Amino acid sequence: NILNALKSRRSMAAWDLSVTVEDLGLDAPPVTISVASDLHIGGVILKLVEKTQIKQDWSDHALWWEQKQRWLLRTAWTLEKYGIHADAKLVFMPQHKPLRLGLPNGITLRLRVCFSNPVFQTVMGICRMLNIRHPEELSLLRPIEEKKKKKDKNLAPEIYDLTEVPLSSGTRITFYLHLSRPCLYNGMPAHFADSPEMEAIYKMLSVSQPPPAPEVIAKQYRPASVVDKAHINGRWLDSSRCLLQQGIQESDKLWLRFKYYATYDMDSKYDAVRLTQLYEQARWAILLEDIDCTEEEMMLFGALQYHISKVAQSEPQIMSNNPAMDDLDSALQSLEVKMEGEGSSASDLPKRLTLKGYKQYWFKFQDTSISYFKSKEESIGEPIQMINLKGCEVAPDVNVAAQKFLIRLLIPAPEGMNEVYLRCENEQQYAQWMAGCRLGSKGKTLADSSFQSEIQSIRSFLAMQKTNSSSSSANASEESINTHSLVSPRYHKKYKPKQLTPRILDAYQNVAQLSLTDALMRFLQIWQALPDFGLAYVVVRFKGSRKDEVLGIAPNRLIRIDLSVGDVVKTWRYNNMKQWNVNWDIRQMAIEFEGNVNIAFSCVTADCKIVHEFIGGYIFMSTRSREKSETLNEELFHKLTGGHEAL
């Protein structure tokens, strides 16, 4: 009994705790309060507030433990339970603080964000304020500073202030993250309808910006290699940890970007900001050569930018709701095609070959498979090889001007994916066979009712890339466009503006009748059809290898790239993945695929948590469906992406 009494007295013994109160100013000395180890955090806060004698709303304030880099948010826990002693450095400060946020369209906002929640929830709060649904597709990263010249030193970018927008009462609210729709007033959230100034800011968010001046493009950072692109992906913040834990301070600048290229449930009526910002991110990826495209595609991208800018500035109304474009997934599929089939040309299988390596075979399409033979006469016998298209990935590789019509197939194999290119002789053959391949990949045959509409869809897409020289020369004098604002810098060096104008106007004739929403969607469709779309690169070292290689992380697969030649060595699909693990002690990832295929690698240009989060994030995106999309399954996201820290 005596021992128990001594223990009780010891635990109740008072001791001094010094706490820095941020509201008192940087130079103010810490506030010292008398506490006991069994005092709970709520009691500590109460003592601090009483000691400061400042009458204000303290409800957003919390304690931050500097040595341990953690927030003390469990107010019922005692000092003893947290392990806090007299030497602890504690700071009492607001959980929500101003942050400068760079958006995909180049605009910088100043707004209050949560510094105490995991970044995933902080992004949810930002997206709720900006009226961006499906915040799970976006994240925050440290910015790359643009090149500054001496004369630009005094030209600070304009910052639009949203710090007065009232914070929602619950940071965990998910009231319109999926199918449920936000409440809009005059086409915008209520907090943007308060004043003409706020309405003007919302218009900047929801309507595409005019094409940037060539000198603005030239000032931006442009990755010169795959390794440069890999370094950029090392800048993503950890979604499981809060801003303060990652060294982000009040008024620092971060970028908000789409991280996962798995756009879902796009509705132009409610997603004006989301659609516009996704377009702007795609536009800058093209202008800064973050993704490769052909010269012909660049002219079409330029024409679409010109048209979008023209329509957006002349018709600033809220985008029309086009039922056919409600879902970007289905809209993007309008790019694809099918097949009916007689002859085509093909490469040797399963190697990836250059054009010189193509050989001509007789092809036969049956059910959901392609067979090929040395000649038509031999097609009644056994084929050289049969390709089952079900589960294949099918992508276009087309240049109409060069009469290049390739179909790229990624075929599932035990150790990954084999890549095959089929070369068609002409546009008509390409449209039919591409359509057939697309149907086959979905397990459908040529008898499917959508076959003809798929062919027509592909032909209309090809028609957009055709030049129309007779009409363009007549319009060139009427149109005044700064072509160097519409194409990447390599074309600034290659062509003068007057050389680019007729080519962009040629392409413009084919898109001039599109509505604003349709033009934005079309731009995104063509962007998504590019061979390298959606790839996030990381430099890694595979187990047992002595050299660095590049891992490409796509929405549905991983690819291994040989740095010395830039070729894809191997492809692995997520749907063949059995499990993946991270050895956090040696920072190594191990992945097991079906067929007893195992790979392991350490990350060179990014923390392995970033790669782990990319893979888990894409698997999470694939679990979304309309039936269960009323709320965001935040717990599942953290389970798939958080690693040992989240669990």
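The rules behind these values
- Residues numbered from 1 in each chain as written.
- Predicted model: local features only at pLDDT ≥ 70, side-chain atom pairs only at ≥ 80, totals over all residues.
- Heavy atoms only, no water.
- Pairing = 2+ DSSP bridges.
- Helix = DSSP H or I, 4+ residues; strand = E, 2+ residues; numbered from the N terminus.
- Axes fitted to C-alpha atoms, helices over the stretch in contact; angles between N-to-C directions.
- Contact = heavy atoms within 4.5 Å.
- Buried < 20%, exposed > 50% of the residue type's maximum accessible area, 1.4 Å probe, protein only.

What follows covers the sheet that holds strand β18 (residues 536-542). Taken in spatial order, the 7 strands make up an open sheet running β21-β20-β19-β18-β24-β23-β22, and their pairing is antiparallel. Looking at which strands have only one partner, the edges of the open sheet turn out to be β21 (568-573) and β22 (577-583). Pairwise comparison of adjacent strand axes, ignoring direction, gives a mean angle of 30° for this sheet. Examined bridge by bridge, strand β19 (residues 549-553) and strand β20 (residues 557-561) share 4 bridges and lie antiparallel to one another. What sits directly across from Ile-553, in β20, is Leu-558. Its contacts with the sheet place helix α17 (residues 608-622) against β18, β19, β20, β22, β23 (588-593) and β24 (597-603), and it is angled at close to 155° to β22.

This part is about the environment of Arg-522. The residue Arg-522 is located in helix α16 (residues 516-528) in this model. Taking C-alpha positions, Arg-522 is 9.6 Å from Phe-301, a pair spaced 221 residues apart along the chain. Once you skip the residues sitting within four places of it in the chain, Arg-522 turns out to touch Leu-304, Met-464 and Leu-514.

Even without glycine at this site, Asp-265 takes up a positive phi of about 55°. Position of Asp-265 among the secondary structure elements: in the loop between β10 (253-258) and α8 (272-287). A positive phi angle is found at Asn-596, which is not glycine, with a value near 55°. Looking at Asn-596, the relative accessible area reads 68%, which means it is exposed.

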